[in-house]
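Summary of the model geometry
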Amino acid sequence: MIGTPVLQKIRFLSLPEAPTQTTGLSLKLKEQECLSLMKRCKNMEEFKQVHAQVLKWENSFCASNLVATCALSDWGSMDYACSIFRQIDQPGTFEFNTMIRGYVNVMNMENALFLYYEMLERGVESDNFTYPALFKACASLRSIEEGMQIHGYIFKRGLEGDLFVQNSLINMYGKCGKIELSCSVFEHMDRRDVASWSAIIAAHASLGMWSECLSVFGEMSREGSCRPEESILVSVLSACTHLGALDLGRCTHVTLLRNIREMNVIVQTSLIDMYVKCGCIEKGLSLFQRMVKKNQLSYSVMITGLAMHGRGMEALQVFSDMLEEGLKPDDVVYLGVLSACNHAGLVDEGLQCFNRMKLEHGIEPTIQHYGCIVHLMGRAGMLNKALEHIRSMPIKPNEVVWRGLLSACKFHHNLEIGEIAAKSLGELNSSNPGDYVVLSNMYARAKRWEDVAKIRTEMARKGFTQTPGFSLVQVERKIYKFVSQDMSHPQCKGMYEMIHQMEWQLKFEGYSPDTSQVLFDVDEEEKRQRLKAHSQKLAMAFALIHTSQGAPIRIARNLRMCNDCHSYTKLISVIYQREITVRDRNRFHHFKDGTCSCRDYW
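Identification of the protein chain as DYW domain-containing protein from Populus trichocarpa is taken from an unreviewed UniProt entry. Within the UniProt record for the protein chain, the comment given under Sequence similarities (unreviewed entry) is "Belongs to the PPR family. PCMP-H subfamily."

1. Points about the pattern of salt bridges
All told, the structure shown has 17 salt bridges when counted by the stated rule. Two residues, Lys277 and Asp273, come together in a salt bridge whose shortest N-O distance is 3.2 Å. One end of the pair is Lys277 and the other is Asp273, both in helix H16 (residues 265-277) and four residues apart, which spans about a single turn. Between Glu399 and Arg403 there is a salt bridge; the shortest N-O distance is 2.9 Å. Taken together, the positions of Glu399 and Arg403, both in helix H24 (residues 399-411) and four residues apart, correspond to about one turn of that helix. By relative accessible area, which is 25% here, Glu399 ends up partly exposed. You can call Arg403 partly exposed: its relative accessible area is 23%. Here the salt bridges share partners, and the residues they tie into one network are Arg86, Glu118 and Arg122.

2. Some words on the domain arrangement of the protein chain
Per the domain assignment, the segments of the protein chain are domain 1 (366-466) and domain 2 (470-596). Once you take the C-alpha centre of each, domain 1 and domain 2 turn out to be 28 Å apart.

3. A few points about unusual backbone geometry
The backbone of His413 shows a phi angle near 55°, a positive value even though the residue is not glycine. Looking at the element boundaries, His413 is found in the loop between H24 and helix H25 (415-427). Even without being glycine, Gln485 reaches a positive phi, approximately 60°. Structurally, the position occupied by Gln485 is in the loop between strand S2 (478-483) and helix H28 (492-508).

Rules and cut-offs
- Residues numbered from 1 in each chain as written.
- Predicted model: local features only at pLDDT ≥ 70, side-chain atom pairs only at ≥ 80, totals over all residues.
- Heavy atoms only, no water.
- UniProt positions renumbered as here; feature names shortened; annotations may be inferred.
- Salt bridge = Lys/Arg side-chain N within 4 Å of Asp/Glu carboxyl O.
- Helix = DSSP H or I, 4+ residues; strand = E, 2+ residues; numbered from the N terminus.
- Buried < 20%, exposed > 50% of the residue type's maximum accessible area, 1.4 Å probe, protein only.
- Domains from an automatic or database assignment.

Below is the structure:
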């Protein structure tokens with residue numbers, strides 16, 4: 001068979017000979033045969049053979065379907081589709097729509113828009129199938145002006161009430177950051193389907209408007225006309241993750257189990273992410289271990305989650321499992337691994353991973369990776385080595401790197417290197433008031449009150465204000481917020497009575513207030529009074545009053561907790577037999593039976 005044409009080998013691609021006189025019926029049969037052959041094509045080679053035979057007749061129906069098959073098939077070629085399209089004398093709406101969709105599918109958004117402009121110039125009528133692909137192109141290019149112009153043309157064409165067009169508009173405006181326009185389209189819809197709700201929820205989620213995302217989902221649930229689909233529930237899970245809304249996250253998990261027979265990797269990974277970032281590391285780990293198929297993102301989420309909970313050795317084991325499975329790590333995975341080493345104080349392991357990233361996997365470290373190493377060394381007390389590492393970096397250190405060193409200097413009371421870090425931050429024109437506060441606190445600890453005054457004066461001159469610390473606590477599905485020295489809460493009297501009772505019990509456990517945490521030039525009695533009313537203690541008192549005996553307490557803080565609050569919470573967990581979880585910015589502390597999961601390393 002050597003030398004036999006491929007056309008003769010593939011019998012199903014052969015068309016019967018055309019009769020000399022083509023009737024309407026025979027033409028219809030030929031069109032059906034042509035469609036049948038195009039549907040059976042599996043690659044461009046087979047498609048070209050069909051094309052060669054169809055060229056025998058001048059048939060616009062077959063030409064249109066040739067364009068559609070070549071442009072929209074997974075194995076197709078837009079260049080080849082374009083060559084067929086250009087041979088059509090008067091391409092109509094179907095041909096233009098097909099080519100626009102094809103360009104969008106291969107992410108050639110500019111050509112999709114150019115083709116639409118050509119469509120307008122040639123006077124070809126657009127329809128409701130033209131615009132969803134166009135708005136997807138505008139969203140991808142963030143071309144809000146072009147999108148709004150096309151929206152205006154839709155009004156002229158009288159297509160503004162079409163459901164598919166409206167859903168596409170919501171998506172486009174959301175991805176271009178114009179959420180008010182997304183909401184306007186949504187609110188003026190006469191009819192909404194599940195895609196409409198999915199689009200408006202995704203629009204809020206893409207902008208990090210997590211509370212609004214949950215509010216819209218609640219409205220959808222109350223309306224009850226649409227059953228939530230997978231994409232909606234993934235957006236809701238993301239909102240729960242960012243807001244720490246564990247109860248709603250659990251309800252969403254139940255909804256997924258009821259409505260989806262088999263959850264894909266994306267949904268399973270979103271669930272894991274929600275549980276670990278809402279403080280339920282064991283649940284997240286259990287779901288991860290039960291996954292039949294894991295991808296790089298699944299491993300990355302689990303490694304980062306274990307890092308947040310201070311479980312460094314387990315994170316390294318998951319990383320090892322990932323490599324054994326043959327998955328290649330990227331810079332994000334390595335950032336999670338280095339964070340895990342940082343939070344658990346695994347200095348040698350962290351440095352080994354940093355070198356392995358460069359030498360074994362060829363990943364060039366970013367400023368975030370260098371920052372992790374500086375944090376790792378600094379927290380371990382290796383301040384001189386951390387400073388040396390910064391000075392030897394091949395890229396210019398940024399504010400985050402110097403801020404990490406400054407924080408470590410505060411922890412280890414090294415004012416000399418701390419001043420170097422603070423000066424470097426000043427040279428970078430840092431506008432973060434926290435940098436000034438840290439240096440001011442270091443001066444206060446050293447009782448250099450004149451320097452404290454200078455820093456505070458400089459902050460005032462630049463208009464900087466210290467970020468007030470607060471703690472959030474969840475009680476009966478409601479979130480309550482407390483600030484230090486809070487006297488405005490309606491139940492203020494009861495909370496302070498509870499704190500008095502707590503401190504009475506703490507005395508029997510040997511607790512003594514760590515007044516070194518109060519960095520003000522005041523007497524010891526006032527320092528004790530200030531410590532007593534830290535926001536975390538107020539939140540614990542409120543939770544102890546309003547939750548049943550033995551119920552877990554969950555607190556989230558916007559600033560890192562002080563040593564006194566850490567020691568205080570450990571003792572409260574054993575006195576009142578409570579499990580207390582505190583999210584300390586991007587770190588979790590699990591207090592139980594008088595110990596903390598961080599092993600006092602944070």
